[in-house]
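# Report on the structure
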Amino acid sequence: MSIEFKTPEIIEKQLQPVRVIAENVMRPESRTLDDHEHARPVKFVQMMWPQMQQMELANLEAALKRAHKAQNGDSVNNNGTQNNGQSTNGEAKANLANLTLVHMIEMLSWGDAGVYLCIPGSALGGAAIKAVGSAEQLERFLRRFTEGEPKWGAMAMTEPQAGSDTSNIQTTATFDATTNEWVLNGQKIFCTCGKLALEESDGLVVVWATVDKSAGRAGMKPFVVEAGTPGAIIAKVEEKLGIRASDTAAIILDNCRVPAENLLGDAEVQSGRGNKGFKGAMKTFDATRPIVAASAIGIARAAFEFTRDTLAKQGVAMVYDKPRWKLSAVQADLLEMEAQLKAAWLLTLKATAMLDDRQENQLESSMCKVKAGKVVTWISQKAVELLGPLGYSTQTLAEKWMRDAKINDIYEGTGQINTLIVARLILGYSRTELK
Ligand SMILES: Cc1cc2nc3c(=O)[nH]c(=O)nc-3n(C[C@H](O)[C@H](O)[C@H](O)COP(=O)(O)OP(=O)(O)OC[C@H]3O[C@@H](n4cnc5c(N)ncnc54)[C@H](O)[C@@H]3O)c2cc1C
């Protein structure tokens, strides 16, 4: 079978309006929104919301179908096909949902990575709900993202003492049998879209808490906290190095009561394979790490293209047909930037295509995240370096891209943590054997 590297026509078509938004809505506001950290990209949100609602609706319907089938003991994939990859009428059907998504995110992040993060939708919160939620929970929590005013979903896992080490989560969930509620107490930090979800829309945050500290990961459970729930308080919004248009909130949970039915998965504390809630939500990283990689690549492409085009105006051309020793140092740097960019993109496409094809992609998903995180920080620094004063001054966006880059090497597992995952999978070590 031949390998096809061309972007499918159907994706190209869907990318056209996204490119227009990236160029004409995001870029013109990039500097202003970076300067005014807590301002909102209102125009972008309004333009994206109709499209996001459609996407949310399609995802919800697919998730509901899966949940109903699972309840009946049958199984159906995200795209409505049965597990043999055939559509229900017997025709082979290529699933391009995630490939389309990463192309869109790459393009939006080329426009502005901070603004892209303000996109309305269920986001990471929705991913956790879809991973382990029942049909009733899908309907109750996710229908809102298909109608009405823009809304945001978020996920709050990180705490001051629990970043990479998620097993150290201190937020507690205690069951109150008299009211049939879970009572959450603790502190969450660095929650992307936390304020938008809890205070500025009728959204929700999936909060991770432990029902039994002595049980470690097995005791950790996800709870849905809806906007307006008493005791869920936005303590502050961060002021950050980069992606400054993005809302990053600290949340205090002070006797925050949620109905028993807001627990995702079951309440039983089970380790190993039985702990479906934790494992299921962790599996969502296999789908979301390529998304972070795509965002990194969007920033890297912006920095690379700007550097290439600016230097071209000064007579420094890209040269592909000469040996390296015949190139100037700057030309060699430009070639290396482009090569690294493409390597990261190809890894991301591979991880994503495997996801669409329902193949296990944990290794590829962590690999592309590591590579893209490194590539974007390196390319954006090179851009500032090669552009000289123009790169360092706020006259252009080069310095901003350099600041926006780093987060991609931090969230959804740092570069080091994803490297550990890759090493474990390649070498066959367990989490305890290699940490
Ligand atoms: C802007 C922003 C948005 C975020 N959004 C969210 C969100 O929406 N929801 C959420 O839950 N979290 C979010 N996070 C948190 C993010 O996931 C964490 O910052 C990340 O997991 C790292 O945790 P930490 O910052 O506590 O660093 P630490 O875990 O303290 O790590 C510090 C350093 O040590 C390294 N390190 C740690 N353990 C190891 C090891 N075993 N081997 C080698 N090196 C190691 C790390 O790689 C890192 O370089 C966000 C963070 C930021 C900055």
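Within any chain, residue numbers begin from 1 and follow the written order of that chain's sequence. In view of the model being predicted, local features appear only for residues whose pLDDT reaches at least 70, and side-chain atom pairs are presented and counted only at 80 or more, with totals across whole chains, interfaces and linings using the full set of residues. Remark: hydrogens and water are excluded; side-chain values derive from all non-hydrogen atoms of the structure.

## Things to note about helix α9 (residues 362-387)
Think of it this way: any DSSP run of H or I at least four residues long counts as a helix, any run of E at least two long counts as a strand, and we number them from the N terminus. Under the convention used throughout, the expected extent of a helix is 1.5 Å for every residue step, that is, one less than its residue count. Taking 1.5 Å of rise per residue, 26 residues should cover 38 Å, and α9 covers 37 Å from first to last C-alpha, within 8% of that figure. Following α9 by one or two positions, Gly388 has its phi on the positive side, about 60°.

## As for the side chain of Thr166
Within the element layout of this structure, Thr166 appears in the loop between β1 (153-156) and β2 (172-176). Within the structure, the side chain of Thr166 is placed 3.4 Å from the side chain of Arg217, a separation counted as a polar contact. Beyond its immediate chain neighbours, meaning those up to four positions away, Thr166 contacts Met157, Arg217, Met220 and Phe278. Within 3.5 Å is the distance limit for a polar contact, defined as a pair of N or O atoms, with the added protein rule that one can donate a hydrogen and the other accept it, and that residues adjacent in sequence qualify only through two side-chain atoms. By the convention used here, residues are in contact when the closest approach between their heavy atoms is within 4.5 Å.

## Remarks on the pattern of salt bridges
What counts as a salt bridge is simple: a side-chain nitrogen of Lys or Arg found within 4 Å of a carboxyl oxygen of Asp or Glu. Applying the stated rule across the entire model yields 28 salt bridges. A salt bridge links Arg308 to Asp309; the shortest N-O distance between them is 2.9 Å. Since its relative accessible area comes to 36%, Asp309 is described here as partly exposed. For the salt bridge of Lys382 with Glu385, the shortest nitrogen-to-oxygen distance reads 2.9 Å. Taken together, the residues span about one helical turn, with Lys382 and Glu385 both in helix α9 at a distance of three residues. Categorising residues by exposure relies on relative accessible area from a 1.4 Å probe, with only protein chains included: less than 20% of the type maximum marks a residue as buried, more than 50% marks it as exposed, and the intermediate range marks it as partly exposed. Overall, Lys382 belongs to the buried group, its relative accessible area being 13%. Within the structure, one salt-bridge network assembled from shared partners comprises Arg31, Asp34, Glu37, Lys240, Arg244, Glu399 and Arg403.

## Topic: the side chain of Asp409
Looking at the element boundaries, Asp409 is found in the loop between α11 (398-405) and α12 (415-427). Setting aside chain neighbours within four positions, we find Asp409 in contact with Lys369, Gly373, Lys374, Thr414 and Gly415.

## Some words on the site of the ligand
In the region of the ligand, 20 residues are neighbours, and Thr158, Ser164, Phe190, Thr414 and Gln416 sit closest. One of the backbone N or O atoms of Met157 is found 2.8 Å from an oxygen atom in the ligand. The contact in question runs from an oxygen atom of the ligand to an N or O atom on the side chain of Thr414, over 2.6 Å. Put simply, the parts of the chain that give the shell around the ligand at least two residues each are β1, β3 (181-192) and α12. Polar here means any residue outside two lists: the nonpolar Ala, Val, Leu, Ile, Met, Phe, Trp, Tyr, Cys and Pro, and the charged Asp, Glu, Lys and Arg; Gly therefore counts as polar. Looking at the shell around the ligand, its residues break down into eleven nonpolar, seven polar and two charged. A single heavy atom is enough: if one lies within 4 Å of a molecule or strand, its residue is considered near that molecule or strand.

## Digging into the pairing of strand β4 (residues 204-210)
Of all seven residues making up β4, seven are buried, and the element is well covered by its neighbours. Burial along β4 is two-sided: Leu204, Val206, Trp208 and Thr210 facing one way and Val205, Val207 and Ala209 facing the other are all buried. In this analysis, strands are considered paired if DSSP registers two or more bridges between them. Across four bridges, the pairing between β1 and β4 is parallel. Residue pairing for β4: Ala156 is matched across the bridge by Val207. By the bridge criterion, seven bridges tie β4 to strand β5 (residues 220-226) in an arrangement that is antiparallel. Residue pairing in the sheet places Val206 in a bridge with Val224 of β5.

## Examining the packing of aromatic side chains
A pair of Phe, Tyr and Trp rings is counted when the ring centres sit within 6.5 Å of each other, with Trp represented by its six-membered ring. The angle between the planes then sorts it: under 30 degrees is stacked, over 60 is edge-to-face, the rest tilted. Per the counting criterion, the structure on display carries three aromatic pairs. Ring geometry for Phe175 against Trp182: centres 5.1 Å apart, planes inclined by 55°, an arrangement best described as tilted. For Phe175, a relative accessible area of 39% gives the class partly exposed. An aromatic cluster of three or more residues is present, and its members are Phe175, Trp182 and Phe223. We call a charge positioned above a ring when the Lys NZ or Arg CZ atom is no farther than 6 Å from the ring centre and deviates by at most 35 degrees from the ring normal. Sitting over the face of the ring of Trp110, Arg27 holds its NZ or CZ atom 3.9 Å from the ring centroid.

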